[in-house]
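Results of the structural survey
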Amino acid sequence: MAEIEQTAARVRALWGVSRGPVPNVVELLEAHGVAVIRLPLDSADVDAFSLPFADHPVVVLGTDKNDRARSRFDATHELAHLVMHGEQIWGVKEVETQAHQFAAAFLMPADDIHDQLPTTVDWSTLFELKRFWQVSLAALLMRARTLGRISDSTYLTAIKAASARGWRRVEPVPLGRPEQPARLLDYLASPESSPARAVLPPQIIESIGTASAA
Ligand SMILES: [Zn+2]
């Protein structure tokens, strides 16, 4: 756990991310050679996945949920797999837990967020933090529990209250449109520079047209 927090901090430092919220996760990935693609993944049983090619790894994000906070978390979860896990081991429970821990630490560094997190179920503060950190209320509550700001029972109370209001399905305080990849069109315009075209399975290439229109 502490090791994962450190790994997330190392990647932030390496990539020159200053303190506080990550302004744009997709842009950050693209700036560091990760090809990011948004596709409808409704037929697949996943929200996102990644392909750990050494030269240009690829992160594929689903377009289905249309939720900026969740999309940022998904993208960071996939970054965790690329950084820590590599080859195809998706679905192994421990690996998924680690990727979630990394994403939480990367998007909400303990040193920066600890004192801001409420010690009770204070929704107005949580709404503010959601806007500021660009993460879901669910992720904030989980982070508050992980960092010991709230107890397990306070956490459960919050989750139950959120469920009762339908917030587990659609959260309040929408953050707008998910972050969009900006460099994919460059890759399509000059295929020789396109890691995606070179490495993705044909059916994914085919649906890129659909995704960019969505
Ligand atoms: Zn995963």
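Our subject is the structure that appears above.
Quantities reported herein were computed from a predicted structural model and do not represent experimental measurements. (Residues numbered from 1 in each chain as written. Predicted model: local features only at pLDDT ≥ 70, side-chain atom pairs only at ≥ 80, totals over all residues. Heavy atoms only, no water.)

Regarding the side chain of Arg12
Tracing the backbone shows Arg12 in helix H1 (residues 2–14). At a separation of 2.7 Å, a polar atom in the side chain of Arg12 contacts the main-chain carbonyl oxygen of Gly20. Not counting residues within four places of it along the chain, the set of residues in contact with Arg12 comprises Val17, Ser18, Arg19, Gly20, Val22, Phe106, Leu107, Pro109 and Asp112. (Helix = DSSP H or I, 4+ residues; strand = E, 2+ residues; numbered from the N terminus. Polar contact = N/O pair within 3.5 Å; in protein donor to acceptor, adjacent residues only side chain to side chain. Contact = heavy atoms within 4.5 Å.)

Digging into the layout of surface pockets
Quantified by volume, the largest pocket comes out at close to 890 Å³. In terms of lining, the largest pocket is formed by 35 residues, of which the most central are Asp47, Arg70, Phe73, Asp74 and His100. Of all the secondary-structure elements, those providing two or more residues to the lining of the largest pocket are strand S2 (48–51), helix H3 (68–85), helix H4 (93–107), helix H7 (137–146) and helix H8 (152–164). When residues of the lining of the largest pocket are assigned to their parent elements, the largest contribution, seven residues, is made by H7. Its residues assigned to classes, the lining of the largest pocket comprises 18 nonpolar, seven polar and ten charged. (1 Å grid on protein atoms, 1.4 Å probe; cavity = no way out; pocket = protein on both sides within 12 Å on 5 of 7 lines; lining within 4 Å. Points joined across faces, edges and corners; volume = space filled by probe spheres on them. Nonpolar A, V, L, I, M, F, W, Y, C, P; charged D, E, K, R; others polar.)

Re the coordination of the zinc ion
In this structure, His77 (NE2), His81 (NE2) and Glu96 (OE) serve as the protein donors to the zinc ion, at separations of 2.0 Å. When the donors of the zinc ion are listed by position in the chain, the intervening gaps give H-x3-H-x14-E. With His81 in helix H3 and Glu96 in helix H4, this pair connects stretches of sequence that are 15 residues apart. For Glu96, a relative accessible area of 22% corresponds to the partly exposed category. (Donors = N, O, S within 2.8 Å, 3.2 Å for Na, K, Ca; no water. Buried < 20%, exposed > 50% of the residue type's maximum accessible area, 1.4 Å probe, protein only.)

Section: the sheet that holds strand S1 (residues 35–39)
What the three strands build is an open sheet, ordered S1-S3-S2; its pairing is mixed. This sheet does not close on itself; its edge strands, each paired only once, are S1 and S2. Going across the sheet, the axis of each strand differs from the next one's by a mean of 20 degrees, ignoring polarity. Pairing analysis gives four bridges linking S2 to strand S3 (residues 58–62), with the strands arranged antiparallel. Within the sheet, the bridge partner assigned to Ser50 lies in S3 and is Val59. Sheet strands in contact with H3 are S1, S2 and S3, and its direction is about 30 degrees off that of S2. (Pairing = 2+ DSSP bridges. Axes fitted to C-alpha atoms, helices over the stretch in contact; angles between N-to-C directions.)

Quick notes on H8
With 13 residues, H8 ought to run about 18 Å at 1.5 Å a step, and its terminal C-alpha atoms sit 18 Å apart, in line with that. Along H8, the residues classified as buried are Thr154, Tyr155, Ala158, Ile159 and Ala162. Buried residues along H8 cover an arc of 135 degrees about the axis, so they all sit on one side. Residues of H8 that are exposed and point over 90 degrees away from its buried face: Asp152, Lys160 and Ala164. On its buried face, H8 sits against helix H6 (123–133) and H7. Gly166, located one to two residues past H8, shows a positive phi value of around 80 degrees. (Expected span 1.5 Å × (residues − 1). Arc of directions from axis to C-beta.)

So, the pairing of S1
The side chains of a regular strand alternate between the sheet's two faces. Of all five residues making up S1, five are buried, and the element is well covered by its neighbours. Judged from the five bridges that link them, S1 and S3 form a sheet pairing that is parallel. Bridge assignment links Val36 to a residue of S3, and that residue is Val59.

Let's talk about the side chain of His81
Under the relative-accessibility criterion, His81 is labelled buried at 4%. Among the polar contacts made by the side chain of His81, one reaches the side chain of Glu96 at a distance of 3.4 Å. Here His81 is in contact with Ser50, Gly86, Val95, Glu96 and Ala99, once residues within four sequence places are set aside.

Some words on unusual backbone geometry
Even without being a glycine, Gln134 presents a positive backbone phi close to 60 degrees. The buried category is assigned to Gln134, whose relative accessible area is 18%. Unusually for a residue other than glycine, Val173 sits at a positive phi of about 60 degrees. Turning to its location among the elements, Val173 is positioned in the loop between H8 and helix H9 (184–189). Residue classification places Val173 among the buried positions, given a relative accessible area of 12%.

Any link to function would need more than the numbers given here.
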